[in-house]
Amino acid sequence: MNKKIFLALLPTFLVLTSCGGLNQKSPVDRIKEDNLAHEELFGKLNPRRVDPEPASEWNLAPKVGVQHATYEIEEQTYYAVRYVAAISGLEDGVTASWTRAVSGKDATIVKAQSDGHLSTVTYDTLNNNGTPMNATDEGSGYTKYIVYTIYDIPESQKDSFMMAYLTLSKEAEEPVVSKAIATRLAGTYSFSFDNGTRGYFLGGNFNNTSGVITPNAEADEHSYAIFQNLDIRRTDYFGVFNYTGEEFKYYGFSSFYANSHTHFMNDNEIAKPKYRGEYLIKVSKDEETKNQVLVTRNTLRLDNSTTNYNGGNRLTFKKGCDAEIRVYRCDEVSGNLINMMGDLNSYFELDALHDHIFNIKTFTIKFAATIPTYDNNLKLIPTFYYNPTLDGNIYGNKSTYANYSGWGTHVLPMEDGTYTYTFGTISVAYVDVGRMDVYPNSFRLLSEHVENGNNARFNIEYIELTFANEGV
């Protein structure tokens with residue numbers, strides 16, 4: 001058997017402190033597992049003497065992390081996952097038992113949850129992407145590493161997720177259970193969760209922090225789980241999981257997000273947002289969409305009390321023409337979002353950062369003019385702008401299409417009031433990407449000065465945007 005390691009170790013080790021006949025077999029059946037370090041997969045180290053600190057109490061909370069390796073056997077790609085735990089040792093009758101489960105991206109059970117995967121071999125030092133990591137470096141009282149390894153994972157299972165946690169036990173003593181680590185079998189994505197978590201949850205990375213989000217609203221007759229008012233950033237990623245304590249399931253993108261492509265994209269079966277926003281996410285209970293992830297983007301209202309958008313980034317505007325425009329945003333004296341001065345030509349539009357404005361379905365504006373009868377109209381120009389760098393390559397990484405305004409110019413009435421404009425999709429041609437059906441993702445408000453005319457100043461009280469939502 002010719003085994004070739006072409007990527008010995010992906011640098012994804014996480015240290016997370018816990019509280020508490022061969023050819024007849026299917027590719028899944030050929031997956032192996034044991035409690036050895038498998039240095040032939042994860043890299044060997046030169047022998048090194050490590051003087052351990054005195055052993056601490058046996059029930060010191062284990063620190064658990066995960067490593068990944070990719071290799072070839074007879075020109076076929078395989079993957080390996082190694083769970084590593086730093087502990088105080090296995091002396092005096094201490095038992096270390098791993099519990100693990102593997103779910104396919106379609107929520108099928110690849111390996112049913114089982115425990116009793118005992119670690120009896122300890123290691124002073126292990127390889128971490130070519131660098132020795134020593135158990136004694138994990139902190140006071142840690143002297144040994146123990147491992148659980150699953151390997152010979154076929155490429156067909158690379159997007160499956162597994163979870164594992166460690167239980168340390170000793171006769172007549174309360175056991176110590178680590179947090180569970182969930183990881184994609186081919187690496188890239190990992191997160192931790194309390195092994196006592198039950199039901200549906202979102203697992204991944206939120207605001208640069210690994211972890212989970214549990215439902216924050218009561219399930220109803222149409223939904224197994226509801227996550228409302230979620231501030232999702234573009235750098236976030238997550239999957240939907242369900243853990244009963246006995247069964248672990250993963251709901252991958254290609255199988256369960258058919259109604260959510262407006263807002264999220266598929267990155268190795270993990271959901272990644274196209275843009276920042278406040279979202280409502282439901283796991284459907286209805287028969288025709290069972291277990292589908294339904295995503296709705298909340299309405300965005302911009303007014304003088306909107307000092308921060310989604311708890312962080314201030315929405316910024318770009319001023320143009322003769323720049324006779326005042327942007328208050330949080331000016332409580334005027335009571336307006338924006339004052340557009342009528343003395344000169346002016347416009348304002350969203351600044352170049354578009355990570356929170358894609359797919360505008362309706363635009364509502366409330367304004368008043370300072371002169372009862374005037375000659376200068378206020379105009380709305382919906383636009384579509386795409387730059388791969390600014391927009392995170394969500395439509396590919398080559399083409400740039402700037403300031404496409406195929407929705408026309410909407411001239412607002414010469415009368416104070418509240419007005420709503422609704423937009424559909426327009427087919428836009430890209431040289432490298434091809435044609436796409438897009439909604440506006442930005443807008444410009446324009447005030448054109450009329451020479452020798454009665455020019456009003458427009459006091460805009462608020463702008464409200466709603467977004468195209470699939471599957472709701």
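All values derive from a computational prediction rather than experimental measurement. (Residues numbered from 1 in each chain as written. Predicted model: local features only at pLDDT ≥ 70, side-chain atom pairs only at ≥ 80, totals over all residues. Heavy atoms only, no water.)

*Asks:* Would you take a moment to explain the overall build of the chain for this structure?
*Replies:* Within the chain, the secondary structure is distributed over two helices and 37 strands. Across the 472 residues of the chain, 52% fall into the buried class. For the chain, the computed accessible surface area is about 20900 Å², with 43% contributed by carbon and sulfur atoms. (Helix = DSSP H or I, 4+ residues; strand = E, 2+ residues; numbered from the N terminus. Buried < 20%, exposed > 50% of the residue type's maximum accessible area, 1.4 Å probe, protein only. Areas by Shrake-Rupley, 256 points an atom, 1.4 Å probe, with all protein chains shown as cover.)

*Asks:* I would appreciate a short explanation of the side chain of Arg 100 in the present structure.
*Replies:* Relative to the assigned elements, Arg 100 resides in strand β6 (residues 95-103). Judged by its relative accessible area of 6%, Arg 100 falls in the buried class. Here the side chain of Arg 100 touches Glu 33 through a polar contact of 2.8 Å, side chain to side chain. Aside from chain neighbours lying at most four places away, what touches Arg 100 is Glu 33, Lys 111, Ala 112, Gln 113, Ser 114, His 117, Tyr 148, Met 162, Met 163 and Ala 164. (Polar contact = N/O pair within 3.5 Å; in protein donor to acceptor, adjacent residues only side chain to side chain. Contact = heavy atoms within 4.5 Å.)

*Asks:* Would you mind going over the nonpolar core with me for this structure?
*Replies:* The nonpolar side chains of soluble globular proteins are, as a tendency, buried together. Leu 445, Ile 460 and Ile 463 are the most contacted members of the largest nonpolar core, which totals 60 residues. If sequence neighbours within four positions are ignored, Ile 460 has contacts with Asn 336, Leu 337, Ile 338, Met 340, Phe 348, Ile 365, Lys 366, Phe 367, Leu 378 and Leu 445. Counting 27 residues, the second-largest nonpolar core is a separate cluster that includes Ile 31, Trp 98, Met 162 and Leu 166. (Core = buried A, V, L, I, M, F, W, Y, C linked by side-chain atoms within 4.5 Å.)

*Asks:* Help me out: how do you make sense of the sheet that holds strand β22 (residues 277-284) in this one?
*Replies:* Whenever strands of a sheet pair, they do so through backbone hydrogen bonds, lying parallel or antiparallel. Here we have three strands laid out as an open sheet, ordered β17-β22-β23, and antiparallel in their pairing. In this open sheet, the two edge strands, each paired with only one partner strand, are β17 (223-232) and β23 (293-297). Going across the sheet, the axis of each strand differs from the next one's by a mean of 20°, ignoring polarity. In the sheet, β22 pairs with β23 via five bridges, with the strands oriented antiparallel. Bridge pairing links Val 283 to Val 293 in β23. (Pairing = 2+ DSSP bridges. Axes fitted to C-alpha atoms, helices over the stretch in contact; angles between N-to-C directions.)

*Asks:* Help me understand the pairing of strand β13 (residues 180-184) in this model?
*Replies:* On a regular strand, one side chain projects to one face of the sheet and the next to the other, so that they alternate. Within β13, five of the five residues are buried, leaving the element largely enclosed by the surrounding structure. Every second residue of β13 is oriented toward a common face, with Ala 180, Ala 182 and Arg 184 on one face and Ile 181 and Thr 183 on the other, all of them buried. With four bridges connecting them, strand β11 (residues 161-169) and β13 associate as antiparallel partners. Residue pairing in the sheet places Met 163 in a bridge with Ala 182 of β13. Where β13 meets strand β14 (residues 190-193), four bridges bridge the pair, whose relative direction is antiparallel. Counted as the bridge partner of Thr 183 is Ser 190 from β14.

*Asks:* Any chance you could explain the confidence of the model for the chain here in plain terms?
*Replies:* Close inspection of predicted coordinates is inappropriate for parts of the model with low pLDDT. Predicted confidence across the chain gives a mean pLDDT of 83, with 81% of residues reaching 70 or more. Note that residues 47-52 has pLDDT below 50 and, in this model, nine contacts with residues that lie over four places away or in other chains. Every residue in residues 307-314 scores below 50 in pLDDT, and together they form 19 contacts with partners more than four places removed in sequence or on other chains. (pLDDT = per-residue confidence, 0-100.)

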